[in-house]
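One-letter residues, chain by chain:
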Amino acid sequence: MGNPVKGKINSIQTMGTLDGPGVRFVAFMQGCNLRCGCCHNPETWPMDGGEEYSAAELAKLAERYRTYFGNDGGVTLSGGEPLLQAEFAAEFFLECHKLGINTCIDTSGSIISDEVLALLGHTDRVLLDIKYTTDEKYREFVGCGMDKPLEFLEVLEKRGIPVTLRQVIIPGLNDDAGNIKILRQIVAEHSCIDKVELLPFKKLCSVKYEKQGLDFRFKNISEPTPEKMAELQKLLDEE
């Protein structure tokens with residue numbers, strides 16, 4: 001047998017409540033193929049760096065916290081982009097399933113490969129970011145076309161994998177009724193989507209950019225007001 005695949009992990013959050021259902025063990029994976037203007041974790045972008053774990057080592061670490069998971073919690077792979085390390089992620093999720101631990105991926109959905117399809121075979125839920133609803137904004141502020149996440153969503157639909165659709169609301173870019181209308185249409189066309197989360201754009205991450213000498217593209221954009229978030233949520237929830 002060859003050596004086990006190692007995963008590069010940037011950081012671990014042991015009691016996460018924002019990355020999937022219930023309380024979760026969240027591993028933020030090293031490396032990202034995109035450069036989103038609103039990214040909170042620029043330290044995860046380079047593929048080099050992070051701490052190496054085998055799937056068994058990371059699963060053993062996650063198991064320590066299983067008493068906190070309850071019926072809904074489990075593990076989430078976030079990033080960075082976990083699909084870049086799909087082979088490791090699949091092995092990790094397989095180990096988690098052996099232990100009876102629920103699995104979730106937080107992803108941009110920009111990569112489809114044989115390794116990613118194998119990973120989805122061990123995935124209980126996907127948190128899928130639909131960052132904008134126009135191809136033009138995707139290409140300018142994300143680094144791929146809108147066709148990528150929509151194609152990934154079709155794979156999830158065919159496989160019947162539950163999806164939480166997420167969008168960070170960024171004033172001036174996607175905080176309008178037209179964007180919400182298209183989001184609603186995407187949800188209506190995919191029965192696998194059972195939850196939608198609108199998340200307010202935050203600028204706390206600007207400190208990370210300064211520390212690494214990186215330009216935070218959205219530094220001059222304001223955070224959305226609670227009133228604006230409530231207005232968009234109301235539009236999203238309309239029957």
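Keep in mind it's a predicted model, so treat the numbers as computed, not measured.

(A) Summary view of the pairing of strand β2 (residues 24-29). Burial of β2 is extensive: 6 of the 6 residues sit out of reach of the surface. Side chains R24, V26 and F28 of β2 all project onto a buried face; the interleaved residues F25, A27 and M29 project onto the opposite face, where all are buried too. As paired elements, strand β1 (residues 6-16) and β2 share 5 bridges and run antiparallel to each other. Paired with S11 across the strands is F28, a residue of β2. Two strands pair when backbone bridges link them, and β2 and strand β4 (residues 74-78) are joined in this way by 5 bridges, in the parallel orientation. Its bridge partner lying in β4, R24 is registered against G74.

(B) Molecular detail of helix α9 (residues 226-237). With 12 residues, α9 extends 16 Å between its outermost C-alpha atoms, agreeing within 8% with the 16 Å of an ideal straight helix rising 1.5 Å per residue. Three or more residues of α9 are buried, namely M229, L232 and L236. Summarising the axial view, the buried residues of α9 lie within an arc of 70 degrees, below the 170-degree limit, and thus occupy one face. Among the exposed residues of α9, those pointing more than 90 degrees away from its buried face are E227 and K234. Those residues of α9 that are buried lie in contact with β7 (163-169), α7 (177-188) and β8 (193-200).

(C) Up close: the pattern of salt bridges. Counted by the stated rule, this structure contains 12 salt bridges. The residue E57 makes a salt bridge to K6 at a minimum N-O spacing of 3.9 Å. Taken together, the residues span a long stretch of sequence, with E57 in helix α1 (residues 55-63) and K6 in strand β1 at a distance of 51 residues. Note on E57: relative accessible area 39%, which makes it partly exposed. You can call K6 partly exposed: its relative accessible area is 39%. A salt bridge links E197 to K195, with the shortest nitrogen-to-oxygen separation between them at 3.3 Å. For K195, a relative accessible area of 44% puts it in the partly exposed group. Each of D106, R166, K195 and E197 takes part in a single network of salt bridges with overlapping partners.

Calculation notes
Residues numbered from 1 in each chain as written. Predicted model: local features only at pLDDT ≥ 70, side-chain atom pairs only at ≥ 80, totals over all residues. Heavy atoms only, no water. Buried < 20%, exposed > 50% of the residue type's maximum accessible area, 1.4 Å probe, protein only. Helix = DSSP H or I, 4+ residues; strand = E, 2+ residues; numbered from the N terminus. Pairing = 2+ DSSP bridges. Expected span 1.5 Å × (residues − 1). Arc of directions from axis to C-beta. Contact = heavy atoms within 4.5 Å. Salt bridge = Lys/Arg side-chain N within 4 Å of Asp/Glu carboxyl O.

Purely spatial values, then, with no claim about function.
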